[in-house]
Amino acid sequence: MPEPFVPPHLPHGPAILAVDGGGTKTLAVRVGPDATVQAMQIAKGCNPFDQPDWQNILTNLVTPLASGLQAEAFGIAGYGENRETGRLLRTHVHQLCPATPLSLTNDVDMACIGAFAGEAGVLLLSGTGSMAWASDGAGQTARVGGWGPVFGDEGSAYWIGRKALQRVCQAMDGRAPEAKDFAQKICATMHWPDENPAALDALLGWYNQQERPRPAVAHCARLIDEMAETGCPEARALITQAAQHLATLVQTARARFSEHTLPWSYAGSVFKSRLLRDTLTDLCGAPQPPRLPPVGGGIVQAARLAGWQIDAAWIARLAHALDA
């Protein structure tokens, strides 16, 4: 994880802050009225459901950037999924910003606002978890998926990694001899023995040593995509199945606003996969490139709360600043 950067002296004058808190990383960005990025900090993920230290993570990110703020917007993974957790999140962010107008929403809602700059569309998120978030651009939204690693998150990096490691177990104990070559390639990359029982002992030992097992399993999705690019049939099948699950999220979300075929866009590490993007394009049509990254949606929300006048030119400057 990159070292957080904070300038020694924050610029004087008005500013807003947006915090994008995902399962893998948390990003805080401070922006001035001219859409310039004044400062940012990055830390590990702050999803309250798998990060016990989420309160300290948010406090350490926000506090150095909090002077002179006119508004703040938080998009936090898991918000809205549990009433008590939601109450704890609201209490904590209000303590961080006691006198500042603020917005608190799910990180996917924030990403949707960013992708379409507040207009109508379906944002498909697939990182550690997966979810689709649809908006009609006039305040009505619909959520599909995102029910966590036990009940959902189909097509996510965690889903791909778990399915791949499950296939290793099946190959090594004899249930899937046709997957033996696939399993041995994974073992070689992970520096595990490639024959049972040593291979399964190494896999279980690796898993039990992880401080945060879910992101560790999700990280394996990158390996599966690399194997798919080299033509590995098992890896290609997993990436294709993931794309099919994600396509169902988009199609279901679109059906909630059936009067129009909403455009769709994407966010999350899984979309680095060329095969996955191509398969989704075949199933759902070409995606609209995000106008802003997920944290940009929070910046738009905070700017509106602060009463700033934002237009297409302001959005374009912000997109350039965040890209830089």
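Residues numbered from 1 in each chain as written. Predicted model: local features only at pLDDT ≥ 70, side-chain atom pairs only at ≥ 80, totals over all residues. Heavy atoms only, no water.

### Focus on the packing of helix 5 (residues 157–172) against helix 9 (residues 233–255)
Describing two packed helices takes the angle between their axes plus the distance from one axis to the other.
Reasoning step 1: Where helix 5 contacts helix 9, the two axes come as close as 10 Å, and the packing angle between them is 145°. Between helix 5 and helix 9 the crossing geometry is right-handed. For the pair formed by helix 5 and helix 9, the contact residues are Trp159, Ile160, Lys163, Ala164 and Arg167 on the first element and Glu234, Leu238, Ile239, Gln241, Ala242 and His245 on the second. (Axes fitted to C-alpha atoms, helices over the stretch in contact; angles between N-to-C directions. Helix = DSSP H or I, 4+ residues; strand = E, 2+ residues; numbered from the N terminus. Left-handed = near helix turned anticlockwise from the far one by under 90°. Contact = heavy atoms within 4.5 Å.)

### Thoughts on the sheet that holds strand 2 (residues 25–31)
Reasoning step 1: Strand order in the open sheet formed by five strands is 3-2-1-4-5, and the pairing between neighbours is mixed. Looking at strand neighbours, the two that pair on one side only are strand 3 (37–44) and strand 5 (102–106), the edges of this open sheet. Adjacent strand axes in the sheet meet at a mean angle of 10°, parallel and antiparallel pairs treated alike.
Reasoning step 2: Direction of pairing for strand 4 (residues 69–76) relative to strand 5: parallel, over a ladder of five bridges. Counted as the bridge partner of Ala73 is Ser103 from strand 5.
Reasoning step 3: Strands in contact with helix 11 (residues 294–305) are strand 1 (15–21), strand 2, strand 4 and strand 5; relative to strand 1, the strand with the most contacts, it is inclined by about 145°. (Pairing = 2+ DSSP bridges.)

### Focus on the sheet that holds strand 7 (residues 130–135)
Reasoning step 1: Taking strand neighbours across the sheet as the criterion, the four strands line up as 8-7-6-9 in an open arrangement whose pairing is mixed. One side of each edge strand has no neighbouring strand; the edge strands of this open sheet are strand 8 (141–145) and strand 9 (264–267). Mean inter-strand twist for the sheet, computed between neighbouring axes without regard to direction, equals 20°.
Reasoning step 2: Set on the sheet, helix 3 (residues 107–116) makes contact with strand 6 (121–126), strand 7 and strand 9; between it and strand 6 the angle comes to about 125°.

### Some details on the confidence of the model for the chain
Reasoning step 1: With 97% of its residues at a pLDDT of at least 70, the chain reaches an overall mean of 90.
Reasoning step 2: Per-element mean pLDDT across the chain ranges from 87 in helix 4 (residues 148–151) up to 97 in helix 10 (residues 274–284). (pLDDT = per-residue confidence, 0-100.)

### Regarding the environment of Ala117
Reasoning step 1: Take Ala117: it is sitting in the loop between helix 3 and strand 6.
Reasoning step 2: Along the sequence, Ala117 and Pro293 sit 176 residues apart, while their C-alpha atoms lie 9.8 Å from each other.
Reasoning step 3: In this view, Ala117 contacts Arg291, Arg304 and Ile315; residues no more than four positions away in its chain are not counted.

### Concerning the environment of His92
Reasoning step 1: Inspection of the secondary structure assignment puts His92 in helix 2 (residues 83–96).
Reasoning step 2: Sequence-wise, His92 and Asn82 are 10 residues apart; in three dimensions their C-alpha atoms are separated by 15 Å.
Reasoning step 3: Apart from the residues within four sequence positions on either side, His92 is in contact with Trp54, Gln55, Leu58 and Thr59.
Reasoning step 4: Among the polar contacts made by the side chain of His92, one reaches the main-chain carbonyl oxygen of Gln55 at a distance of 3.1 Å. (Polar contact = N/O pair within 3.5 Å; in protein donor to acceptor, adjacent residues only side chain to side chain.)

### Examining helix 1 (residues 54–62)
Spacing of three or four residues puts side chains on the same side of an α-helix, whose turn is 3.6 residues.
Reasoning step 1: Considered for burial, the residues of helix 1 that qualify are Trp54, Ile57, Leu58, Leu61 and Val62. Down the axis of helix 1, the buried set is contained in an arc of 115°. They therefore lie on one face.
Reasoning step 2: Structurally, helix 1 contributes buried residues whose contacts are with strand 1, strand 2, strand 3, strand 4 and helix 2. (Buried < 20%, exposed > 50% of the residue type's maximum accessible area, 1.4 Å probe, protein only. Arc of directions from axis to C-beta.)

### Observations regarding a nonpolar patch on the surface
Reasoning step 1: On the surface, a nonpolar cluster with roughly 440 Å² of combined accessible area is contributed by Trp147, Val150 and Phe151.
Reasoning step 2: Tracing the sequence through the fold places Val150 in helix 4.
Reasoning step 3: Residue classification places Val150 among the exposed positions, given a relative accessible area of 69%. (Patch = residues over 30% accessible without salt bridge, like charges linked within 9 Å, V, L, I, M, F, W, Y side chains within 5 Å. Areas by Shrake-Rupley, 256 points an atom, 1.4 Å probe, with all protein chains shown as cover. Salt bridge = Lys/Arg side-chain N within 4 Å of Asp/Glu carboxyl O.)

### Examining the pattern of salt bridges
Reasoning step 1: Counting across every chain of the model gives 10 salt bridges.
Reasoning step 2: A salt bridge links Glu119 to Arg291; the nearest nitrogen and oxygen atoms lie 3.8 Å apart. In this pair, Glu119 sits in the loop between helix 3 and strand 6 while Arg291 sits in the loop between helix 10 and helix 11, placing the two residues 172 residues apart along the sequence.
Reasoning step 3: For Asp181, the salt bridge identified is with Lys185, shortest N-O distance 3.3 Å. Residue Asp181 and its partner Lys185 are both found in helix 6 (residues 180–190); the two are separated by four residues, about one turn of the helix.
Reasoning step 4: For Asp181, a relative accessible area of 46% corresponds to the partly exposed category.
Reasoning step 5: Residues joined by salt bridges that share partners form a network here, namely Arg167, Glu178 and Glu234.

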